[in-house]
Amino acid sequence: MKTKHIMLTSILSFGMMAATLSPIQAKTATTGMSVSVNANTVKIKVTKPTSAGRLYAYNANEYASADKMRGISSRILSTGIDLGAIKKGKSKTISWQRYGVDGRDHLYNKYYILNGKKIVKGPIYATSVSAAYGKVGFTQKSIKGIYTEDDLNKASYASDLKANSITYNLGLQDLMYSNVNTSVPADAITFESNGKTYYFNKATVDNFDAKIKDASARGMNVIAVLIPWAQEGSLYPAEMRYNSPKSKITWGTNTSNDLGRDDYIAMVEFLANRYSQSKDQGYISTYVIGNEIDFTHYFYSTSNLNKYMEEYARSLRLSNLAVKKYASNANVAAPFTHYWAKSSGQVYKESPSPSFAPKKMLDWLAKYTNARGAYDWAIAPHPYGVINTKSNQAYYDTRTGAINNNYKTSKELTFTNFEILDEYLSTKALKYKGKQRSVYLTESGASSGNMKSAIRFNEQAGTLAMAYYKVAHLKFVKSYNYYRLQDNVQEAKNSLTCGLLKPDGTKKPAYNVYKYIDTKSSNSKSKKYLKAISFYKDGKKKVSGKKLKSWKDAMPVYKTKFNWNKKWKWSNIYRK
């Protein structure tokens, strides 16, 4: 029996070895396809097609009949614009004029190779675009930035804090007049897009101009959050709204129909063109598309992930193309809440609509955007504490059970376990051109709680320092625009007091800590607040800040693959 067992094992091992080696030796052939766009021409390069067929161009909201990932679009076509034949195994580059006779920019098309109704390859979008103005923005001396409640009068605080970037919400709801049965005032600003003339509200544009020009004059990069606030009586075109009854705070950007698609492209093109030309005109370096999209009522309320993500991905892709048309280094970002591997509906049920786990949404984006033509979309999560009104975040974070040290399973993402993103963004699927995707923190802060004692203020200052020191060591974080400068009166009544200033404008200890957080005085200004924080190491053993010897010791609340002993350097924190 023993001998037979050995022989059988040998035979199985040999068979297993052959099965293991054969896939490596015989590579599966795939059709390669890429699209590049210069000033006058669109070039579609097809490499070693595995099947014969024909190359077709489709508009962004049009889908080949065999393509089931359609969102809510009803534009299903058996074929689009025929650009020519493709022979099996024969690489080929097909070019056509960038602008049609109707003025339409073929930059926004996607392309399929079809053999009858079968999809050989596609859809593929353009990923290389020649920009009209080149690069925009400023080299940041540090990641420190600020949100000043969209108030230009508070910009002097941004300068006092020496912020390198500033976040502004740009409301789309009153930006553009609809081209459908709408009278336009004489002072409307005109702009040509896709062969049509669009009209923009001068008052809204003047407001944008003032803030963005001011930020550029101060040398601060602008992160613009594009949000159509749901306001009845606004100018927002009906064709751009989703028929989504729960969307009562913001409207989405409906690009599933022809009018909505072109309206949205015109809006983003207008902004990208205007804020890519010069420092004097003002720069926008990053466009955040929407608000906390894992809560579906902020965009399009549905429980169908594929349908929802296709709708959002189309808006994100069109935004990127419109931005890259004018500025080569500007980018777009997708915003999420503080949830992570679980959705709001699976944890605290905060969302009044269906919700999705941000990690699942990012996995989807990575899979499908890479397949359709990879581009440099970024991530804009909103990490607070698990309980965002608590001033000692790490303590409560480690008590709730909502976070851990594993990016695959942690329900939420807070500053307490934020370094788990490093491992996730290092996976091959999430990288862009071999590098981690960028992260912009546009809404996240530390509350001072009910503000009834100095303890709460000290905990806020300590929590802020702990958060900043952590993200300053994570190279994928490009900006930490602290939210917010000044407390909102109504939020303060509920102990959501993340402001560096009290509602009356009085400075909290956190203001001074943040002012010097990226300077050589950083440690001397923050170290007395180290003792104010505490947490449970790996969710188990309580650690008092009084026993911590340095801020470095406060970083590894959880044991992760990010080695703080090797990574920690004050030079990562100081202004360059």
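So, a few notes on the structure that sits alongside this text. (Residues numbered from 1 in each chain as written. Predicted model: local features only at pLDDT ≥ 70, side-chain atom pairs only at ≥ 80, totals over all residues. Heavy atoms only, no water.)

What to know about the sheet that holds strand β6 (residues 81-86)
Strand order in the open sheet made by the seven strands is β6-β3-β8-β9-β1-β2-β7, with mixed pairing throughout. On the outer flanks of this sheet lie β6 and β7 (92-97), each paired with one strand and no other. Neighbour to neighbour, the strand axes of the sheet diverge by 25° on average, direction disregarded. (Pairing = 2+ DSSP bridges. Helix = DSSP H or I, 4+ residues; strand = E, 2+ residues; numbered from the N terminus. Axes fitted to C-alpha atoms, helices over the stretch in contact; angles between N-to-C directions.)

Some words on a positive patch on the surface
A contiguous patch of positive charge, built from Lys435, Lys475, Lys478, Lys569 and Lys576, is present on the exposed surface. Residue position: Lys475 is located in the loop between α9 (454-472) and β20 (477-482). Overall, the relative accessible area of 52% leaves Lys475 in the exposed class. (Patch = residues over 30% accessible without salt bridge, like charges linked within 9 Å, V, L, I, M, F, W, Y side chains within 5 Å. Areas by Shrake-Rupley, 256 points an atom, 1.4 Å probe, with all protein chains shown as cover. Salt bridge = Lys/Arg side-chain N within 4 Å of Asp/Glu carboxyl O. Lys, Arg positive; Asp, Glu negative; His and termini not counted. Charge placed at Lys NZ, Arg CZ, Asp CG, Glu CD. Buried < 20%, exposed > 50% of the residue type's maximum accessible area, 1.4 Å probe, protein only.)

Focus: the layout of surface pockets
Over the atoms, a rolled probe matching the size of one water molecule traces out where space is still vacant. There is about 1,200 Å³ of room inside the largest pocket. Forming the walls of the largest pocket are 48 residues, and the residues nearest its centre are Asn329, Asn331, Ser438, Tyr440 and Lys478. Listing elements by their share of the lining of the largest pocket, those giving two or more residues are β9 (118-129), β15 (221-227), α5 (305-324), α9 and β20. Here the element with the most residues in the lining of the largest pocket is β9; it accounts for four residues. Classifying every residue of the lining of the largest pocket by side-chain character gives 20 nonpolar, 18 polar and ten charged. (1 Å grid on protein atoms, 1.4 Å probe; cavity = no way out; pocket = protein on both sides within 12 Å on 5 of 7 lines; lining within 4 Å. Points joined across faces, edges and corners; volume = space filled by probe spheres on them. Nonpolar A, V, L, I, M, F, W, Y, C, P; charged D, E, K, R; others polar.)

A few points about the pattern of salt bridges
By the definition in use, this model includes 28 salt bridges. Between Arg98 and Asp105 there is a salt bridge, and its shortest N-O distance comes to 2.9 Å. Three or more residues are tied together by salt bridges with common partners; here these are Glu62, Arg75, Arg104, Lys196, Asp258, Arg261 and Asp262.

Some remarks on the environment of Gln97
Note that Gln97 resides in strand β7. Take Gln97: its relative accessible area is 58%, and that puts it in the exposed class. As a C-alpha pair, Gln97 and Val42 span 55 residues in sequence and 6.2 Å in three-dimensional space. Not counting residues within four places of it along the chain, the set of residues in contact with Gln97 comprises Asn40 and His106. (Contact = heavy atoms within 4.5 Å.)

Some details on unusual backbone geometry
Here the residue pair Gly122 and Pro123 is connected by a cis peptide bond, since its omega of 5° sits within 30 degrees of zero. With respect to the helices, strands and loops of the structure, Pro123 is situated in strand β9. With an omega of 15°, the peptide bond running from Tyr483 to Arg484 counts as cis. Along the chain, the position of Arg484 falls in the loop between β20 and α10 (489-493). Located in the positive-phi region is Glu149, a residue other than glycine, with phi close to 60°. Mapping Glu149 onto the fold places it in the loop between β10 (144-147) and α2 (155-160). The phi torsion at Ser495 lies on the positive side, around 70°, for a residue other than glycine. With respect to the element layout, Ser495 can be found in the loop between α10 and α11 (509-515).

Let's talk about the packing of α5 against helix α6 (residues 358-373)
One can describe the packing of α5 onto α6 by two numbers: an axis separation of 11 Å at closest approach and a directional angle of 55°. With respect to α6, the element α5 is oriented oblique. Here the hand of the crossing between α5 and α6 comes out right-handed. Contacts between α5 and α6 involve Leu305, Asn306, Tyr308, Met309, Glu310, Ala313, Leu316 and Arg317 on the former and, on the latter, Lys360, Met361, Trp364, Leu365, Thr369, Arg372 and Gly373. Residues of the contact of α5 with α6, tallied by class, amount to eight nonpolar, three polar and four charged. (Parallel < 35°, antiparallel > 145°, perpendicular 65-115°, else oblique. Left-handed = near helix turned anticlockwise from the far one by under 90°.)

Focus: the sheet that holds strand β13 (residues 189-193)
Read from one edge to the other, the open sheet built from three strands follows the order β12-β14-β13, with strand pairing classed as antiparallel. Of all the strands in the sheet, just β12 (176-177) and β13 have a single pairing partner and so form its edges. For β13 and strand β14 (residues 196-200), the ladder comprises five bridges, and the chain directions are antiparallel. The residue of β14 that forms the bridge with Glu192 is Thr197. Running over the sheet, helix α4 (residues 258-274) touches β12, β13 and β14 and is turned about 110° from β13.

Overview of the pairing of β15
In terms of residue burial, β15 counts as a mostly covered element, since seven of its seven residues are buried. On β15, burial covers both faces: Asn221, Ile223, Val225 and Ile227 on one face and Val222, Ala224 and Leu226 on the other are all buried. Summarising the sheet, strand β11 (residues 165-171) and β15 pair through seven bridges and their orientation is parallel. By the bridge assignment for β15, Ser165 is matched with Asn221. Where β15 lies against strand β16 (residues 286-289), four bridges are found, and the strand directions are parallel. Each residue of the ladder has a partner; that of Ile223, found in β16, is Thr286.

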